[in-house]
Amino acid sequence: MKLTKLELLNFKGLKAFTINLNGDVIIRGDNATGKTTVFDSVCWLLFGKDSLDRADFEIKTIEAGESIHKVNHEVTGTFTLDEGGVIELKRVYREKYSSPRGGEVTMSGHTTDYFVDGVPKKEKEYKEIVNSLVDENIFKLITNPLYFNETYSWQNRRKLLLEMCGDISDEDVIAECSELKALTDILSGHSVDDHRKVVAAKKTAINKELDMIPVRIDEALRGKPTIDTPRDVLIQEISLATTTLETLETDKALLVNGHAVVDTRAALRDVQRRLMARESELQLDYKKQSALKSNEYDMVVSELNNLSSKVESTKHRLNTSNMDIKCIESVINELMNQRQQVNADTFVMDIDEDCPTCGQKLPVEQIQAAREKAETNFNLRKSKHLEEINQSIELKKQDIENIKKRDAGLEPIETLEALIKVKELVKQTITDEIGQLTAPVLDDDSIYADLKAEEFMLQMKLDESNTDHSEEIADIDKRIATTKEHRFNLETELNQYEETKRIDTRIAELETQQAELAAEKSKLDEASYLMDEFIKAKVNMLEDVINSKFRLARFKMFNVMLNGNVEECCETTYKGVPYRSMNNAARINVGLDIINALTSYFKVNAPVFIDNAEAVTDFIHVNSQTIKLIVDESEPQLVVKEV
């Protein structure tokens, strides 16, 4: 629509101001002469707010610091509509006076009157008529070249641009970039955003495991005994010590009872040898059981960590889905309310039955034709609006179904938590079993006890045969004790080879697990890389589609972070320069370029008010009517000039 006439009466600083417009105009004037007031008046006439979207701004004309009283503050605008026809809108702000009980007349408040084509209207009727001409939010976007970039939030800018140009599906991006074909198998039906979360959760769990493996290897290494003597040397020295003991025992037996006790002494040595062998066997079995239970415990802890991570990932996923569904349902409810409001709209139109030229009554058929045409246009707009709302509702419902379908494949949290409880029980069982493991009590072993009894009987038999060779026997006993102690130490050191072998096996298992986890992490890193490349490709494709709709303006829709992640944004640029760094001329022309695209998209025009237009020497072509407001020190009063 175009503004063809504007009349101001006592509006802000302008007591009386009228302009007639046949098209584009320039309004010149010094500072504080009322240029911005003209823009404010049109915004107030339509929506009750100023050009800065404020409803509580000062409307009254002020003189000497006081508002002028007992006068009306009026704005009247005549508009030529895009679909044909003319409409006159008028808004009057006036003071209300009362004299309670015949007392002094005092001002009791303010009221606003509304007129359409000279006919008084209620506020609701007036707003409905204005909204049928142009939506308030759209009006702000297509009348002020700075509004989109300086007042509209970046989230709203991004949403509007995506609505204008459409989003790009994951399948389209993969089909466009051959190097991303492998993503199809990796995603397995999931969206890239969802799979990024899955990969991140798996990598976190793997990194925790990888961090723990060196600790476990270090613990095993620290528990690994240090053996200085080679194994074959230890075996030889044990054999030598055993031979020495046998010789000493024989010598002692000869001293005590002569050759008669040799056989008894040999039997005693054999029993003692078997005692030592049984002791070593019992100790080794205990260490093996401890090692097995430790491995079982580590495996259960690892499984618990993985299940817990999976539960947290699933809960996060379901919470996010529930929030998304609630948000979509809220949008559906809002759309259904809009649909109900649109359905409730009825056609209302007052037609002047007198000819505006001669004053005679118009023919009935001409009046009827005009009414039918207006009603048909109203019904077409209403039908189209309803269809758009219904389509939006269906799309939103499909979004909810897609979310539910996507989450249906998740493993139930109850199942995971039940598995966790089972694993916790297994963990507790192993812990109890480890606690029950104790170093073997040799005397509790029947074989060991029998051997000790046999040793005792043989020793008693030898003791009964002793003669008085006490000094020699005492000397041999000392040598026997020393040799036994030496042999025991050698056997203990030899047993450490078995412990070393067990620890080496455990370390090899951990290193194998480490290699497997590293291989799995490598696959996840590759998937992350492909998804990062996918996002970059989608960014470029989406920005290309959006930027193709504009002549000057370009839009940066994503920021790529240092860690490779991508965050949404919406930043306007011109020739690579961000909007915040542009000069005033570039900001205005870029804003006009955006207005051209928006009017084409919304299929509606409105007068464009270009404040501080003196900053621009070369304006781009604008599809709408333009009203340039220029600061001119030589003009103490507003001067209007048609272009």
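Residues numbered from 1 in each chain as written. Predicted model: local features only at pLDDT ≥ 70, side-chain atom pairs only at ≥ 80, totals over all residues. Heavy atoms only, no water.

You'll find the protein chain entered in an unreviewed UniProt entry as Nuclease SbcCD subunit C, with Veillonella montpellierensis DNF00314 given as the organism. Recorded under Sequence similarities (unreviewed entry), the UniProt text for the protein chain is reproduced unchanged: "Belongs to the SMC family. SbcC subfamily." Regarding the protein chain, the relevant UniProt record gives this comment under Subunit (unreviewed entry): "Heterodimer of SbcC and SbcD." (UniProt positions renumbered as here; feature names shortened; annotations may be inferred.)

**Q** Honestly, the overall build of the protein chain in this entry has me stumped. Any pointers?
**A** Summing up its helical and strand segments, the protein chain has 15 helices and 15 strands in all. Along the three orthogonal principal directions, the C-alpha set of the protein chain runs to about 160 × 65 × 50 Å. Relative to its 643 residues, the protein chain shows a buried fraction of 37%. Contacts spanning at least 24 positions in sequence make up 69% of the contacts within the protein chain whose residues lie at least 6 apart. With the model as given, the accessible surface of the protein chain reaches about 37300 Å², and the carbon-plus-sulfur share is 50%. Side-chain charges of the protein chain comprise 84 positive and 116 negative groups, with the mean position of each set lying 5 Å from the other. (Helix = DSSP H or I, 4+ residues; strand = E, 2+ residues; numbered from the N terminus. Buried < 20%, exposed > 50% of the residue type's maximum accessible area, 1.4 Å probe, protein only. Contact = heavy atoms within 4.5 Å. Areas by Shrake-Rupley, 256 points an atom, 1.4 Å probe, with all protein chains shown as cover. Lys, Arg positive; Asp, Glu negative; His and termini not counted. Charge placed at Lys NZ, Arg CZ, Asp CG, Glu CD.)

**Q** Is there a simple way to explain the domain arrangement of the protein chain in this structure?
**A** One frequent convention defines the size of an interface as the accessible area lost when the parts assemble. Each domain of the protein chain was delimited in the assignment, giving domain 1 (2-162 + 579-642), domain 2 (192-234 + 469-545) and domain 3 (259-464). Just the C-alpha atoms count here: the centres of domain 1 and domain 3 sit 57 Å apart. (Domains from an automatic or database assignment.)

**Q** Which parts of the structure should I look at to understand the UniProt feature "coiled-coil region" (unreviewed entry) in the protein chain?
**A** The residues that UniProt annotates with the feature "coiled-coil region" (unreviewed entry) are residues 480-527. This span, residues 480-527, is 100% helix and 0% strand, and a straight line between its end C-alpha atoms measures 71 Å.

**Q** What is the right way to look at the sheet that holds strand 14 (residues 626-631) in this model?
**A** Neighbouring strands of a sheet are bound in pairs by backbone hydrogen bonds; such pairs are parallel or else antiparallel. Across the sheet, which stays open at both edges, the four strands sit in the order 13-14-3-15 with mixed pairing between neighbours. The outermost strands of the open sheet, each flanked by one partner alone, are strand 13 (608-610) and strand 15 (639-642). Strand-to-strand, the axes of this sheet are offset by a mean angle of 20°, without reference to chain direction. Pairing between strand 13 and strand 14: three bridges, direction parallel. In the sheet register, Phe609 faces strand 14, and the bridge partner there is Ile627. Running over the sheet, helix 1 (residues 35-47) touches strand 3 (25-29), strand 13 and strand 14 and is turned about 150° from strand 14. (Pairing = 2+ DSSP bridges. Axes fitted to C-alpha atoms, helices over the stretch in contact; angles between N-to-C directions.)

**Q** I keep staring at unusual backbone geometry and nothing clicks. Help me out?
**A** Among all residues except glycine, the phi angle is most often negative; among peptide bonds, the trans geometry is most common. Phi angles above zero are rare outside glycine, and Ala32 is one such case at about 70°. Residue position: Ala32 is located in the loop between strand 3 and helix 1. Classification of Ala32 as exposed rests on a relative accessible area of 89%. The phi dihedral of Asp53 is positive, around 70°, even though this residue is not glycine.

**Q** Can you help me understand the packing of helix 5 (residues 154-165) against helix 15 (residues 584-602) in this one?
**A** For any two helices packed against each other, the geometry comes down to the angle between their axes and how far apart the axes lie. Where helix 5 meets helix 15, the axes come as close as 11 Å, and the angle between the chain directions of the two elements is 55°. Judged by the inter-axis angle, helix 5 sits oblique to helix 15. In this structure, helix 5 meets helix 15 at a crossing whose hand is left-handed. The segment helix 5 lies against helix 15, with Leu160, Glu163 and Met164 engaging Ala597, Leu598, Tyr601 and Phe602. Here the residues of the contact of helix 5 with helix 15 sort into six nonpolar, no polar and one charged. (Parallel < 35°, antiparallel > 145°, perpendicular 65-115°, else oblique. Left-handed = near helix turned anticlockwise from the far one by under 90°. Nonpolar A, V, L, I, M, F, W, Y, C, P; charged D, E, K, R; others polar.)

**Q** I keep staring at the confidence of the model for the protein chain and nothing clicks. Help me out?
**A** For residues with low pLDDT, the predicted coordinates do not support detailed interpretation. With 95% of its residues at a pLDDT of 70 or more, the protein chain has an overall mean of 85. Within the protein chain, the lowest mean pLDDT, 74, falls on helix 7 (residues 182-187), and the highest, 95, falls on strand 6 (residues 73-80). (pLDDT = per-residue confidence, 0-100.)

**Q** What's the story with the layout of surface pockets in this structure? I'm lost.
**A** To find leftover empty space, a probe the size of one water molecule is rolled over the atoms. Of the volumes computed, that of the second largest pocket is approximately 790 Å³. Forming the walls of the second largest pocket are 28 residues, and the residues nearest its centre are Val198, Ala201, Lys202, Asn306 and Lys310. Those elements that provide at least two residues to the lining of the second largest pocket are helix 8 (192-222), helix 10 (262-344) and helix 14 (470-547). For the lining of the second largest pocket, the leading source of residues is helix 10, giving 10 residues. (1 Å grid on protein atoms, 1.4 Å probe; cavity = no way out; pocket = protein on both sides within 12 Å on 5 of 7 lines; lining within 4 Å. Points joined across faces, edges and corners; volume = space filled by probe spheres on them.)

**Q** Would you mind showing me how to read helix 2 (residues 123-133) here?
**A** Given 3.6 residues per turn, any residue in an α-helix points the same way as the ones three and four places further on. Within helix 2 the residues assigned to the buried category are Tyr126, Val130 and Leu133. Burial along helix 2 is one-sided: seen end-on, the buried residues are contained in an arc of 55°. Those residues of helix 2 hidden inside the fold are in contact with helix 1, strand 7 (86-98), strand 8 (106-116) and strand 9 (119-121). (Arc of directions from axis to C-beta.)

**Q** Teacher, can you tell me more about the state of the cysteines here?
**A** Disulfide: a covalent bond formed between the sulfur atoms of two cysteine residues. A full pass over the atoms with the stated rule returns zero disulfides. Left unpaired, Cys327 is separated from the closest cysteine sulfur, that of Cys570, by 19 Å. No disulfide involves Cys569; its sulfur sits 7.0 Å from the nearest other cysteine sulfur, which is in Cys570. (Disulfide = S-S within 2.5 Å.)

**Q** Just to check I follow, could you spell out the packing of aromatic side chains for this structure?
**A** Between two aromatic rings, the relevant description is the distance of the centres plus the angle of the planes. For the coordinates displayed, the defined rule picks out 11 aromatic pairs. Between the aromatic rings of Phe11 and Trp44, the centroid separation amounts to 5.5 Å while the plane-to-plane angle is 40°, which identifies the pairing as tilted. Remark: Trp44 occurs in helix 1 and Phe11 occurs in strand 1 (residues 2-11); sequence separation between them is 33 residues. A relative accessible area of 0% places Phe11 in the buried class. (Phe/Tyr/Trp six-rings, centres within 6.5 Å; stacked < 30°, edge-to-face > 60°.)

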